[in-house]
Amino acid sequence: MKKRFTRHLLRWKDKIWSKIHNKEFMMYVLLGATTTILNLFSYDVLCIVLDYWIANIIAGIFSKVYSYFTNKFFVFKSRCANVGELLKELGMYIVTTGISGTIDLVGVPFLVGGLAFDKKIAKYIMAVVVIIVNYILRKKIVFRKKTENHRS
């Protein structure tokens, strides 16, 4: 019984690993790290001349714009046939970013207050959840491959 469970667990791990261990996902992780660095750096610089909360908003917007373009051109290699398609893609990016932001906003307090997790551990757990959710939403909804039928 234990051997069968272990075998099942290893197959599940291999299946998950094969899904995320590809060039696209690795680029997503790498460029996500640069997005985070850009966010932190711009926040630090802006804090020199602005209140921290204004600096945080501007740094967040700046890093989300950077993230959109890096995801569009380097991760998912999305091309739009016209302005309408581009606006739809950008709108979906904003919506999905809001969804993942809400998951983080609700998830951290739930883990800390509801399940008694340490606040730092809760934030790290939710960061991983948000990375995975963002990847799935962006791949399946925002930057999904367009067929010739959808381009007309």
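Going by the structure above, here's the rest.
Quick caveat, the model's predicted, so the values are computed rather than measured.

Going through the model one piece at a time under the given rule, you end up with three salt bridges. Here Glu24 and Lys139 are joined by a salt bridge, their closest N and O atoms 2.7 Å apart. Placement of Glu24 in helix 2 (residues 23–47) and of Lys139 in helix 5 (residues 119–142) is noted, with a sequence separation of 115 residues between them. Of the charged contacts, one joins Glu89 and Lys72 as a salt bridge, the two residues approaching to 2.8 Å between their closest N and O atoms. Of this pair, Glu89 sits in helix 4 (residues 83–114) while Lys72 sits in helix 3 (residues 52–75), and the two are 17 residues apart along the sequence.

This paragraph deals with the packing of helix 2 against helix 3. Contact pair helix 2 / helix 3: the axes reach a minimum separation of 8 Å and the direction vectors enclose 155°. By the angle between their directions, the pair helix 2 and helix 3 is classed as roughly antiparallel. Between helix 2 and helix 3 lies a crossing of right-handed hand. Per-class residue counts for the contact of helix 2 with helix 3 are 15 nonpolar, ten polar and one charged.

Glancing now at the packing of aromatic side chains. Under the defined criterion, the tally for this structure stands at eleven aromatic pairs. When the ring of Phe76 is compared with that of Tyr135, the centres are 5.8 Å apart and the planes differ by 35°; the resulting orientation is tilted. Taken as a pair, Phe76 in the loop between helix 3 and helix 4 and Tyr135 in helix 5 lie far apart in primary sequence, 59 residues in all. Judged by relative accessible area, Tyr135 falls into the buried class, the value being 8%. Aromatic pair Tyr93 and Phe143: ring centres 6.5 Å apart, planes at 50°, arrangement tilted. You can see Tyr93 sitting in helix 4 and its partner Phe143 sitting in the segment after helix 5, a full 50 residues away along the chain. Members of the aromatic cluster, joined through ring pairs, are Phe25, Tyr28, Tyr68, Phe69, Phe73, Phe76, Tyr93, Tyr135 and Phe143. Between Lys72 and the ring centre of Phe73, over which it is positioned, the NZ or CZ distance is 5.6 Å.

The rules behind each value
- Residues numbered from 1 in each chain as written.
- Predicted model: local features only at pLDDT ≥ 70, side-chain atom pairs only at ≥ 80, totals over all residues.
- Heavy atoms only, no water.
- Salt bridge = Lys/Arg side-chain N within 4 Å of Asp/Glu carboxyl O.
- Helix = DSSP H or I, 4+ residues; strand = E, 2+ residues; numbered from the N terminus.
- Axes fitted to C-alpha atoms, helices over the stretch in contact; angles between N-to-C directions.
- Parallel < 35°, antiparallel > 145°, perpendicular 65-115°, else oblique.
- Left-handed = near helix turned anticlockwise from the far one by under 90°.
- Nonpolar A, V, L, I, M, F, W, Y, C, P; charged D, E, K, R; others polar.
- Phe/Tyr/Trp six-rings, centres within 6.5 Å; stacked < 30°, edge-to-face > 60°.
- Buried < 20%, exposed > 50% of the residue type's maximum accessible area, 1.4 Å probe, protein only.
- Lys NZ or Arg CZ within 6 Å of the ring centre and 35° of its normal.

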